[in-house]
Amino acid sequence: MTSSKLLSLIFLHQALVVFVLDLPNAEGLKIGFYQQTCPSAEAIIKITTAQYISRAPSLAPALLRMHFHDCFVNGCDGSVLINSTKNNVAEKDSAPDLSLRGFQVIDGVKTAVENECPGVVSCADILALVARDAVSMIKGPYWPVPTGRRDGRVSTAQNALNNIPSPFSNITQLEASFGSKGLSVKDLAVLSGAHTIGISHCFPAVTIRLYNFTGKGDTDPTIDPNYAAVLKKICKPGDLTTLVEMDPGSRKTFDTHYYSIVSKRRGLFQSDGALLSDSETKAYVLSQISSGSTFLKDFGPAMVKMGKIGVLTGKSGEIRKRCAFIN
Ligand code: HEM
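Residues numbered from 1 in each chain as written. Predicted model: local features only at pLDDT ≥ 70, side-chain atom pairs only at ≥ 80, totals over all residues.

A. Spatial organisation of unusual backbone geometry. Along the chain, F203 connects to P204 via a cis peptide bond; the corresponding omega equals -5 degrees. As for its position among the elements, P204 is in the loop between strand 1 (199–201) and helix 9 (205–211). Within the chain, N74 stands out as a residue other than glycine whose phi angle is a positive 65 degrees. Its place among the elements puts N74 in the loop between helix 3 (59–72) and helix 4 (103–116). (Helix = DSSP H or I, 4+ residues; strand = E, 2+ residues; numbered from the N terminus.)

B. Representation of the site of the ligand in the model. Around the ligand, 24 residues are found, and the nearest of them are P61, S99, A194, G198 and S200. Within the residue set of the shell around the ligand, elements represented by two or more residues are helix 3, helix 8 (185–192) and strand 1. Across the shell around the ligand, the residue classes break down as 13 nonpolar, nine polar and two charged. There are two domains that each give the shell around the ligand at least three residues, and those are domain 1 (41–163) and domain 2 (171–302). (Near = placed C-beta within 6 Å. Nonpolar A, V, L, I, M, F, W, Y, C, P; charged D, E, K, R; others polar. Domains from an automatic or database assignment.)

C. Expanded view of helix 5 (residues 123–137). Its 15 residues give helix 5 an end-to-end C-alpha distance of 20 Å, which sits within 8% of 21 Å, the value for a rise of 1.5 Å per residue. The buried count for helix 5 comes to 13 of 15 residues, which makes it a mostly enclosed element. After helix 5 finishes, the residue K139 shows a positive phi value of roughly 70 degrees. (Expected span 1.5 Å × (residues − 1). Buried ≥ 20, exposed ≤ 12 C-beta atoms within 10 Å, placed from the backbone.)

Spelled out as structure tokens, the structure:
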């Protein structure tokens, strides 16, 4: 083959690779969706997120959880960010979302992005990018976030209640919940590892487990009794305000320590402990506490998958001007 033929083949190959990379995937999302329409969007999002996280690193887990709650209700469409109105109780005001924190970060980032490119970047994408950036800023894993999500116009508390898994779930319920979103049993085991960072309120998930497991003043027999005794010192019956670490001693570090506590029956919620009731999730938990743990490498791909649940793309939905209000 002549060198000019070889060169043109190489160029053709490169052009094809660029073409293929540039194509939106099945969900209509692609890496760098705003490259033409708002080239600095991702940088502005990162810088603004950093301003919040450097002052308050504990917002990182809150933002990760917010993205999860967004994706599980109507897909990742920013519906979790919408405020209630006099005619509608929004997701935000449902029981599972009352403990979400960090809405001010999304609003601050949105304002910064709107100042540069008004009406271009969706709140759903901002939330997905902020969650990724916040986690990586506390030295957690980093994952590529395909963008191009559009914002939904529906947000109801009832949808949140129906779709966000309860901390009282058993493994069958958890697998059904994740399965209904196209997530696998492995994804459940991997994404539950997000509880390596952050905090929970004593009520209701912990106090009911400790004091009223079957409605007879009893404690969940599957929790390590020594750990239940420790928790009873922190969380008194009827305590609505006290916060407790989900991964004691390691709640600021994104690591495999969560799996270690779960394996010792010290997971904070029934849903954490439930990972020991299925052979596949149990095997995942145990494999993470050996030297060959894969969690830090598994987490990003599972987040990418979660970030594609039920997305609106193309001409569906809207680009909200303010994340808390439908246009
Ligand atoms: C498997 C089902 C899950 C259940 C039942 C569950 C339940 C909960 C509950 C009850 C809390 C404490 C809320 C509070 O009282 O303040 C919590 C916190 C948290 N969850 Fe989950 N969760 C699940 C999966 C996930 C997933 C998939 C993620 C992310 C990928 C996640 C990330 C977090 C984080 C980071 C926190 C700490 C939030 C903070 O510090 O404000 N969770 N979760």
